[in-house]
Amino acid sequence: MSPEDAPAPRSLAEALRGRDDASLAALLRHRPDLITPVPTDLTQLATRAGTRASVVRALERLDRFALQSAEALAVAGDPASYDELLRLMAGDKKDRAVVEALPGAVAALREQALVWGADDRLRLVRTARELLAPSPQHPSPTGLGPSVREATAGMSPGRIQEIVAAVGLPSTHDSVSAVAALSSLFADRRRMKALLAKAPADSLDVLDRLVWGPPYGQVTADPAPRLRWLLDRALLLPTSPGTVVLPREVALHLRAGRAHREVEPAPPFVEPAVVHRPQVVDATAAGQAYTALTTVEELLKDWDEGGPTVLRAGGLSVRDLKRTAVALDVPEPVAAFWVELAYAAGLIASDGEADERYAATPEYDEWRERPAAERWARLAQVWLSATRTSGVVGGRDPKDRALSALGPGLDRSAAPEVRRRVLALLARLPEGGAPDAEAVLARLRWERPLRTQGPQASHSAQAPSTQTQPHPPRGEDDDLRSRLARWTLSEAELLGVTGRGALSAHGRALLGADGEPGGGAGGTAGGATAVAGTATAVRAKAVGNSAHLAADAEAAAAEAARLLAPLLPEPLDHVLLQADLTAVAPGPLHRPLADTLGVLADVESKGGATVYRFTPASVRRALDAGQTASDLHAFLTAHSRTPVPQPLAYLIDDVARRHGHLRVGSASAYVRCDDDALLNEILADKRAASLRLRRLAPTVIAAQADPATLLEGLRAMGYAPAAESVEGDVVITRALAHRTPPRTAPVPVPDGPPVPDATLLAAAIRAIRAGDLASTTPRKAPDAAPLAPGELPRTGSAETLATMQAAVLTGEALWIGYVNAEGAASQRVIAPVRVEGGFVTAYDHTADEVRTYPLHRITGVAELADD
């Protein structure tokens, strides 16, 4: 029988059964939730495809035109012909763009199992129709109301006959035929035009207010004449006391047959608003990439000895975020972005101590040792796939709790997909092209429109009055995807993925990590059921698929690092010392030089060149870290392109001469000095009163304060004391880097099941086909009572053995019930080859391979029908 002669499918399951493997693979690729877990057969697949959660997820992933097509089918007849759908989408004028685009939209709806049936009998799946069809509680996005048949349900037969007479139709003997006659009248363009030509002008004004929705209005108990004229002719129908509705057929006539006010068959075009030279874009992005690295390093350096405490509910306090923003010299939202990026990259975490604080992880030390381009690629790769979204910091969660940086509730599973899509749109532009942000947002709204958009989104349960205008549409900028897109554009610029709004060369390379999932490998386990065996294989292949995607991401990151490396400034091994006690670093410094100089001097300003200032406190800090004056002189001489200025040499010598002259140890605390005149000076100083000093010996003063407080007090008075150990040696104080135990980076929260690869799809389809073959293969009627659907055949062991032996001789296929070692039952179609030793070896049609089954696990056997 040819496909043209095949009977029309009577259900979605039959429609799926008529698909080939490529079509089923396309369905499962677009709706991966349908194979989690793998369905046992096509009937179960169809049932799952019609569940509310799955249909809602599928509708949310339709583009605007495909969604508008589904909305039009929801207000059409069930079933509807393709021509009827075309009239609803293109209107009486037959918009050419709609006519050309509609076949693709219908094909997409069919492919995703939202629509089934031939062109003359298109059916929207029931759940989708329930979601999209108009109702008082859930108005249709089309703005259409109920049909005449639906609106007149419950109306008295006498009132229906009065309406029929008012519009000039012959009376009927029953309400059903009367309603059918009214529907036919309202659907006839010529007769409707003649009827409305008799309407008063103010009555037509009422219809104009309701024609594009919402279709409901309020009337008083004694309607005005303009409303009474409409009510008498069913151009408005009552739905409840005081409420009327514009019937769907009337609205479609007034709309010239269109279901939507504006149909968008093609996506908005994203074009460059400005075009820069690609070299300028790459250089700008590279400069920002280097700034991103220094910013993250400054953040981690600031938290090197232990960062802010962790709130009881998790995350940073508002005060700590403000302090971090001041330390990084950036606004608070930007500081939240860098903090979250470092956290997502596994560079910072909580230390898990009793007084829990945030600190750098051991991974940070490894990250710092990598080349700059590789460090950037790691950050950019993490940003592209992270679901934690810093843009929501400062907002409120559904329980009205504040969302804090590093706290819970920041995951937005749509973030990675939006980031990839925004960058993909930028990648389609000419090199150096920077689009307008609004054009990007408009394109994203077309690709994933919100079903709550438009006038019906804000339609309340109480219908508006016919004397008022419809509710205005909600602002589209309030939806999450638009906010994610705006954040993506700004974050990509901060991170150096884009430069001047255009995608850089290394940004394009990074985007290569986001291709379609690739292949995998695996097979079913012998001796198990096809469905259970393949489900196990599917889970196993998911691991291989993840590894394949990770390898692709690493390759793309490596390519991005390769392209970025030549654009980053080379680290310098020198500074320029100046007579005003400053040093200028004309570029990035090698890490050992930067670390030592950061101890010896304070950073005064940043930018293209970093300015360091030497002060007595900074020199003393270096001496406290174990350096000597001669070490500092040698260091500066070796790393300065200019001679060491005399003021700086004098500063180092002066601080070194006084450093350690006073010794502070612990008794409670004491001060020891060989110069008793200096001790007399300290005792006489009024600023020392709070230390409560008392002379114990000519060279020793005791204090009722701990050593740290005593050290700080004497330093505040202008002295340069040094701490000493219990053995009398000078204590060298070096900042100890605080690290957390090894921590794993937070795992992104997926937006539904992952898209399966080709091999995984083949395994799933094989399992579904196997189960479907076993459940639908025709069988000879047994002598006993017929089996219920899904029930296994039951025969005695002797009858089972005899039937198997006979099938070996005749080569016939049999239908069996089988229970595996785990107790899972299945139906199978086999062709026995050999029966011996309590086992049957047979070709399993459902698994497409030869298998051996223990006879004692076969519940029963039946012969297949001859057809």
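The following paragraphs examine the structure supplied in this document. (Residues numbered from 1 in each chain as written. Predicted model: local features only at pLDDT ≥ 70, side-chain atom pairs only at ≥ 80, totals over all residues. Heavy atoms only, no water.)

Some remarks on the environment of leucine 710
Piece 1. By the element assignment, leucine 710 lies in helix α31 (residues 707-716).
Piece 2. For the pair leucine 710 and serine 690, spaced 20 residues apart in sequence, the C-alpha separation works out to 9.8 Å.
Piece 3. Excluding its chain neighbours within four sequence positions, the residues that come into contact with leucine 710 are Val664, Ala669, Tyr670, Val671, Leu691, Leu693 and Ala703. (Helix = DSSP H or I, 4+ residues; strand = E, 2+ residues; numbered from the N terminus. Contact = heavy atoms within 4.5 Å.)

A closer look at the nonpolar core
Piece 1. In this structure, Leu16, Leu28, Leu45, Leu182, Phe186, Leu235 and Leu236 are the most contacted members of the largest nonpolar core, which totals 97 residues.
Piece 2. The contacts of leucine 236, once residues within four sequence positions are left out, are Val206, Leu207, Leu210, Leu227, Leu230, Leu231, Val244, Val245, Leu246 and Pro247.
Piece 3. Of all hydrophobic cores here, the second largest spans 71 residues; its members include Leu316, Val339, Ile348 and Leu425. (Core = buried A, V, L, I, M, F, W, Y, C linked by side-chain atoms within 4.5 Å. Buried < 20%, exposed > 50% of the residue type's maximum accessible area, 1.4 Å probe, protein only.)

Side note on the side chain of glutamate 71
Piece 1. Take glutamate 71: it is sitting in helix α5 (residues 64-75).
Piece 2. Glutamate 71 sits in the buried class, given a relative accessible area of 5%.
Piece 3. Ignoring sequence-local partners within four residues, the contact set of glutamate 71 consists of Leu132, Pro141, Thr142 and His260.

Thoughts on the pairing of strand β19 (residues 700-703)
Piece 1. As paired elements, strand β17 (residues 669-672) and β19 share four bridges and run antiparallel to each other. Each residue of the ladder has a partner; that of arginine 672, found in β19, is valine 700.
Piece 2. Two strands pair when backbone bridges link them, and strand β18 (residues 693-697) and β19 are joined in this way by four bridges, in the antiparallel orientation. By the bridge assignment for β19, arginine 695 is matched with isoleucine 701.
Piece 3. Between β18 and β19, which pair antiparallel in sequence order, lie two residues. (Pairing = 2+ DSSP bridges.)

Notes on unusual backbone geometry
Piece 1. Proline 37 follows threonine 36 through a cis peptide bond whose omega is -5 degrees.
Piece 2. For proline 37, the position within the fold is in the loop between α2 (21-30) and α3 (42-49).
Piece 3. Backbone geometry places aspartate 329, a non-glycine residue, at a positive phi of 60 degrees.
Piece 4. Among the structural elements, aspartate 329 can be located in the loop between α17 (318-328) and α18 (332-344).
Piece 5. For aspartate 329, a relative accessible area of 70% translates into the label exposed.
Piece 6. The phi dihedral of aspartate 400 falls on the positive side, at around 65 degrees, and the residue is not glycine.
Piece 7. Position of aspartate 400 relative to the elements: it lies in the loop between α20 (372-385) and α21 (415-427).

What about the packing of helix α10 (residues 157-166) against helix α14 (residues 225-232)?
Relative placement of two packed helices is described by the angle separating their axes and the distance separating the axes.
Piece 1. Packing of α10 against α14 leaves a shortest axis separation of 9 Å and a crossing angle of 100 degrees. It follows from the interaxial angle that α10 and α14 lie roughly perpendicular. In this structure, α10 uses Arg159, Ile163 and Ala166 to contact α14, whose residues at the interface are Arg228, Leu231 and Asp232.
Piece 2. Its residues assigned to classes, the contact of α10 with α14 comprises three nonpolar, no polar and three charged. (Axes fitted to C-alpha atoms, helices over the stretch in contact; angles between N-to-C directions. Parallel < 35°, antiparallel > 145°, perpendicular 65-115°, else oblique. Nonpolar A, V, L, I, M, F, W, Y, C, P; charged D, E, K, R; others polar.)

What to know about empty space enclosed by the protein
Piece 1. In total, this model carries five cavities of 30 Å³ or more according to the counting rule given.
Piece 2. Reported here for the largest cavity is a volume of approximately 80 Å³.
Piece 3. In terms of lining, the largest cavity is formed by Phe337, Glu340, Leu341, Ala344, Val382, Trp383, Ala386, Arg388, Thr389, Ser390, Arg419 and Glu491.
Piece 4. Those elements that provide at least two residues to the lining of the largest cavity are α18 and α20. (1 Å grid on protein atoms, 1.4 Å probe; cavity = no way out; pocket = protein on both sides within 12 Å on 5 of 7 lines; lining within 4 Å. Points joined across faces, edges and corners; volume = space filled by probe spheres on them.)

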